Amino acid sequence: MKNRVCIITGGCLSRQFLSEFLRKEKFQKVMAVDNGLKWCDELNITPDYIVGDFDTVSGKLLRKYENNKNIQIERLNPQKDDSDTEHALWHVISCQPDEIVLLGGMGSRMDHTIANIYSLQIPLQYHIPAYLIDENNRISIIKRDKVLKKQEQYGKYFSIMPFSDGVRGVTITGAAYPVEEKDFTKDDSFSLGISNEIVDEEVHISIREGLLLLLETKD
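Residues numbered from 1 in each chain as written. Predicted model: local features only at pLDDT ≥ 70, side-chain atom pairs only at ≥ 80, totals over all residues. Heavy atoms only, no water.

Enquirer: Run through the overall build of the protein chain, naming residues and quoting values.
Expert: Looking only at helices and strands, the protein chain has six helices and 14 strands in total. The C-alpha radius of gyration of the protein chain comes to 18 Å, within 12% of the 17 Å expected for a compact globule of 219 residues. In terms of overall dimensions, the protein chain has C-alpha extents of about 55 × 35 × 30 Å along its principal axes. Within the span of the protein chain, comprising 219 residues, buried residues form 49% of the whole. Within the protein chain, residue pairs in contact and separated by at least 24 positions form 64% of the contacts whose partners lie at least 6 positions apart. When the accessible surface of the protein chain is totalled, it reaches about 11,900 Å², and 45% of it is carbon and sulfur. For the protein chain, the distance from the average site of its 27 positive side-chain charges to the average site of its 34 negative ones is 6 Å. (Helix = DSSP H or I, 4+ residues; strand = E, 2+ residues; numbered from the N terminus. Rg over C-alpha atoms; globule rule 2.2 N^0.38 Å. Buried < 20%, exposed > 50% of the residue type's maximum accessible area, 1.4 Å probe, protein only. Contact = heavy atoms within 4.5 Å. Areas by Shrake-Rupley, 256 points an atom, 1.4 Å probe, with all protein chains shown as cover. Lys, Arg positive; Asp, Glu negative; His and termini not counted. Charge placed at Lys NZ, Arg CZ, Asp CG, Glu CD.)

Listed below in structure tokens is the structure:
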């Protein structure tokens, strides 16, 4: 069984989506970041780890969990150089998971959303697959070959964008818009990989050099 860890933060989520997702997916550990604790409490999920500067979670709710000896709680200084979510990711990596799923990392604060997308680079350094997921999107960063299976696709569309300065030798097969040995740059080809679709049973994406942002999306 995979050692999968779920991080729940306080971004935009619907109760129905979160409840259905956690019922379908199985995780060995659940971690609440700041007001992500509110979601855990509403769904009667006991997190293994709670972290944050707790500027958005109520003191009453936090005290409810402080007496549980089985939960590790880490209070961060609000004046720090990293986000609560980034700090949580470093903690998760120390647990050596096989996969990380980040829920609630997208919302109305685009600075937080973009920072959380960039934070996916952290587990990538340790060859740990990590996904930023909400009701309409599953986002990851890929460095090597990637296979997307039609029966497991998150939505109708998938898009790729250059994440590093230059991405060399990108090939896509099994898609509505195949690509062969194409170089992607942030200057002139950043939108070339938008809104592709899986047409075969599998799509194969290969990269000779660089990092791609992969977005699997629903309308």
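There is more to say, and it comes next.
Enquirer: Lay out helix α4 (residues 84–94) in plain terms, naming residues and giving numbers.
Expert: When α4 is considered as a whole, its buried residues turn out to be Asp-84, Thr-85, Ala-88, Leu-89, His-91, Val-92 and Ile-93. Two residues or fewer after α4 comes Gln-96, characterised by a positive phi angle close to 55 degrees.

Enquirer: Tell me about unusual backbone geometry, and name the residues and values.
Expert: One non-glycine residue with positive phi stands out, namely Gln-96, at about 55 degrees. Here Gln-96 is to be found in the loop between α4 and β5 (99–103). Residue Gln-96 is classed as exposed on the basis of its relative accessible area of 66%.

Enquirer: I'd love a proper account of a nonpolar patch on the surface, names of residues and values included.
Expert: On the surface, a nonpolar cluster with roughly 310 Å² of combined accessible area is contributed by Met-110, Ile-114 and Tyr-118. Structurally, Tyr-118 can be placed in helix α5 (residues 110–119). (Patch = residues over 30% accessible without salt bridge, like charges linked within 9 Å, V, L, I, M, F, W, Y side chains within 5 Å. Salt bridge = Lys/Arg side-chain N within 4 Å of Asp/Glu carboxyl O.)

Enquirer: Would you mind going over the sheet that holds strand β14 (residues 212–217) in detail, with residue names and values included?
Expert: Read across the open sheet, the 10 strands follow the order β4-β3-β2-β1-β5-β6-β7-β14-β9-β12; overall the sheet is mixed. Only two strands of the sheet have a single neighbouring strand rather than two, namely β4 (72–75) and β12 (196–197). In this structure, strand β1 (residues 4–8) lies alongside strand β2 (residues 29–33), joined through four bridges in parallel fashion. Following the sheet pairing, Cys-6 is matched in β2 by Val-30. Against the sheet, helix α3 (residues 59–66) makes contact with β3 (49–52) and β4, and its axis sits at roughly 140 degrees relative to β4, the strand it touches most. Each of β1, β2, β3, β4 and β5 is contacted by α4, which is oriented at about 145 degrees to β3, the strand it contacts most. (Pairing = 2+ DSSP bridges. Axes fitted to C-alpha atoms, helices over the stretch in contact; angles between N-to-C directions.)

Enquirer: Quick one: what's the story with the pattern of salt bridges, residue by residue and with numbers?
Expert: As enumerated under the stated definition, the model contains 11 salt bridges in all. Across the salt bridge formed by Lys-2 and Glu-99, the nearest N and O atoms sit 3.9 Å from each other. Of this pair, Lys-2 sits in the segment before β1 while Glu-99 sits in strand β5, and the two are 97 residues apart along the sequence. The class of Glu-99 is buried, set by a relative accessible area of 11%.

Enquirer: Tell me about the state of the cysteines, residues and numbers included.
Expert: Considering all chains together, one arrives at zero disulfides under this definition. Left without a disulfide partner, Cys-6 is nearest to the cysteine sulfur of Cys-40, which lies 7.8 Å away. On the basis of relative accessible area, Cys-6 is assigned to the buried category, the value being 0%. Owing to a relative accessible area of 1%, Cys-40 belongs among the buried residues under this scheme. (Disulfide = S-S within 2.5 Å.)

Enquirer: Account for the pairing of β4, naming residues and giving values.
Expert: In the case of a regular strand, side chains alternate between the two sheet surfaces. Bridging between β3 and β4 involves four bridges; their strand directions are parallel. Across the sheet, Ile-50 pairs through a bridge with Ile-73, a residue of β4. In the classification by handedness, the crossover that spans β3, the intervening α3 and the parallel β4 is right-handed. (Right-handed = clockwise from strand over helix to strand, strands pointing away.)

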